[in-house]
Amino acid sequence: MARPDSMIEAYESSRRIERHDEGADMESLDRLARLLDDFIRIPFLNIRVGLDPILGLVPWVGDTLTALFSLYLIGSAVQYRAPKVIVMRMAMNVAFDYLLGIIPFVGDASDFFVKSNRWNMNLLRRYAQKRRRPSLSDYLFVTAVIGTLVLLIAGGVALVFYSLKAAGRLW
């Protein structure tokens with residue numbers, strides 16, 4: 001008779017560990033978003049900034065790096081069964097932040113107000129469900145979305161490279 005009780009206890013224990021891992025994973029995603037968007041508080045202005053605006057001061061390279069970090073959040077959304085529309089909204093947030101970021105001066109100023117990683121974490125928290133093993137269609141969709149963002153980032157890098165090359169010919 002003690003055997004079924006121990007099996008039930010073992011099952012409940014494994015479920016608690018699984019739920020703890022889910023929370024820990026969501027917390028690590030939240031830490032990444034906080035690090036990128038609002039890690040440091042600027043005194044007197046009550047504005048929070050992260051690595052995104054700091055790295056954004058390095059022209060084009062910083063915005064590209066932070067956009068690549070943001071892709072990890074989008075990739076994690078599939079494990080939390082976020083609807084594909086939400087994954088697309090997350091991708092659009094990153095694209096918006098990146099496209100604004102590569103514009104000199106405008107991008108630096110926008111990094112103080114456009115918090116795409118924080119927005120994406122809020123979407124993920126709102127629409128995340130219990131973690132599950134993703135299906136093939138989930139992988140294909142997220143691969144297509146991330147591939148499109150990588151192409152957008154590569155296009156931005158190429159645009160900057162050719163713009164600098166053309167500007168060099170003028171001098």
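Please refer to the structure placed before this passage.
All of the points below concern the structure found in this document.

So, how was this worked out
Residues numbered from 1 in each chain as written. Predicted model: local features only at pLDDT ≥ 70, side-chain atom pairs only at ≥ 80, totals over all residues. Heavy atoms only, no water. Axes fitted to C-alpha atoms, helices over the stretch in contact; angles between N-to-C directions. Helix = DSSP H or I, 4+ residues; strand = E, 2+ residues; numbered from the N terminus. Parallel < 35°, antiparallel > 145°, perpendicular 65-115°, else oblique. Contact = heavy atoms within 4.5 Å. Nonpolar A, V, L, I, M, F, W, Y, C, P; charged D, E, K, R; others polar. Core = buried A, V, L, I, M, F, W, Y, C linked by side-chain atoms within 4.5 Å. Buried < 20%, exposed > 50% of the residue type's maximum accessible area, 1.4 Å probe, protein only. Polar contact = N/O pair within 3.5 Å; in protein donor to acceptor, adjacent residues only side chain to side chain.

Next up on the list: the packing of helix 3 (residues 61-77) against helix 4 (residues 84-101). Direction vectors running N to C along helix 3 and helix 4 enclose 175°, while the axes themselves pass 10 Å from each other. By the angle class used here, helix 3 and helix 4 are roughly antiparallel. Counted together, Asp63, Thr64, Ala67, Ser70, Leu73, Ile74 and Ala77 of helix 3 and Val87, Met90, Ala91, Val94, Tyr98 and Gly101 of helix 4 form the full contact between these two elements. Class assignment for the residues of the contact of helix 3 with helix 4 results in 9 nonpolar, 3 polar and 1 charged.

Bringing the nonpolar core into the picture now. Ranked by size, the top nonpolar core spans 28 residues in total, and within it Ile74, Met121 and Leu124 carry the most contacts. Elements that contribute at least two residues to this core include exactly helix 1 (2-37), helix 3, helix 4, helix 6 (116-127) and helix 7 (136-170). At 7 residues, helix 4 tops the list of elements feeding residues into this core. In contact with Ile74, not counting residues within four places along its chain, are Val87, Met90, Ala91, Val94, Val142, Ile146 and Leu149.

Checked against the element boundaries, Asn93 lands in helix 4. Polar side-chain contacts of Asn93 include one of 2.9 Å to the side chain of Asn120. Discounting chain neighbours no more than four positions away, the residues touching Asn93 are Ser116, Trp119, Asn120 and Leu123.

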